[in-house]
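Fold and contact review
One-letter residues, chain by chain:
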Amino acid sequence: GLALPPMLGDAGAVPDFSKLPQTQRPPKPVSGGTLLALADGRSVVAADPDRARLDVVDVVARQVRRTVALNPGDEPGRAVEDGAGRVHVVLRGGGAIATLSASDRSLEARRAVCPAPRGIAYDGTADALVVACAGGELVTLPAAGGAPTRSLMLEKDLRDVVVDGDRIYVSVFRKGEVLAIARGATAPSRMTLPPLPNMFRKSERSNGTERFEAAVAWRMLPRKGGGVTLLHQRAFTGEVPLTATDGGGYGGGSCSGVVQSAVSAIGAGGKAITGPALGGLVLG
């Protein structure tokens, strides 16, 4: 007959946790956006924040072409490829940008940029990198190497940055808002994603004012035709009934949770639109 392993709780089935790997350095929070597909159509650069390394993978041959070791705690994150084929990676914990050469993907340079860099974009017109920092700095530096040429202080909690023609878009992480600044300007305009009316709950106290408001912009990317697309959360602003049959909860498999996952877009003309709740999609 088939011998099944003992179930947890059975006599003698207590796991031995002393054999688990131990670490003196606690792991960083999980962050997405750590995979970059390169222009050659066959290579990707994967940032590994837990192991502080970069892996260059040939997805056609299914081979790791190079592994670049970084400093402990560097926490590599977002990456971008410039016009010359160099790859620039944000080091979230290292306060720097790491650059891989276009020829063999070796570590070509490491440049300090700000204490907490988060997002990065390539400006092809100026052949420059634009870096958004959690401390509020928006830093511009030459793609080919050298010190920053410009640093603007916008507001704290910046996340992603997109260069679209003569306009730079910067997302504000926890607010779910987008700042837009014209090339050469110093003061941004603010764009707020539209709320979604409450279509799932009815409350005698709401008077039709309950709604879901945009928050926590996890990822912002360029939009085809101009503008940006954001993957973000929406939070319920009304009173949450504490009944077992109401649904409630965080996203999950129901669209009636108090927090929803959604995709919104801001067009080149500044018009913002939002999509329906993405049931079953929990962001992190």
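The rules we used
- Residues numbered from 1 in each chain as written.
- Predicted model: local features only at pLDDT ≥ 70, side-chain atom pairs only at ≥ 80, totals over all residues.
- Heavy atoms only, no water.
- Pairing = 2+ DSSP bridges.
- Helix = DSSP H or I, 4+ residues; strand = E, 2+ residues; numbered from the N terminus.
- Axes fitted to C-alpha atoms, helices over the stretch in contact; angles between N-to-C directions.
- Disulfide = S-S within 2.5 Å.
- Buried < 20%, exposed > 50% of the residue type's maximum accessible area, 1.4 Å probe, protein only.
- pLDDT = per-residue confidence, 0-100.
- Contact = heavy atoms within 4.5 Å.
- Lys, Arg positive; Asp, Glu negative; His and termini not counted.
- Salt bridge = Lys/Arg side-chain N within 4 Å of Asp/Glu carboxyl O.

**Brief notes about the sheet that holds strand β1 (residues 35-37)**
- Taken in spatial order, the four strands make up an open sheet running β1-β2-β3-β4, and their pairing is antiparallel. This sheet does not close on itself; its edge strands, each paired only once, are β1 and β4 (63-69). Averaged over all adjacent pairs, the angle separating strand axes in this sheet is 15 degrees, with direction ignored.
- Sheet analysis places strand β2 (residues 43-48) next to strand β3 (residues 53-58), joined by six bridges and oriented antiparallel. From the neighbouring strand, D48 faces β3, where its bridge partner is R53.

**Quick notes on the state of the cysteines**
- Within the structure shown, the criterion is met by one disulfide.
- The residue that forms a disulfide with C114 is C133, at a sulfur-sulfur distance of 2.1 Å. Around the S-S axis, the bridge from C114 to C133 shows a dihedral of about -100 degrees and counts as left-handed. Here the residue C114 occupies a position in the loop between β8 (107-112) and β9 (117-123), and C133 occupies one in strand β10 (residues 128-133), the gap between them amounting to 19 residues. Here the two residues C114 and C133 agree in accessibility, since each one is buried.

**Let's talk about the confidence of the model for the protein**
- Model confidence for the protein is summarised by a mean pLDDT of 86, while 85% of its residues fall at 70 or above.
- Contacts of residues 250-254 to residues separated by more than four positions or lying in other chains number 11 contacts, the stretch itself having pLDDT below 50.

**Looking at the side chain of E137**
- If you trace the backbone, E137 turns up in strand β11 (residues 137-142).
- Despite its burial, E137 remains without a salt bridge, the nearest opposite charge being carried by K156 at 9.1 Å.
- Once residues within four sequence positions are removed from consideration, E137 is found in contact with C114, P115, V131, A132, S151, L152, M153 and L158.

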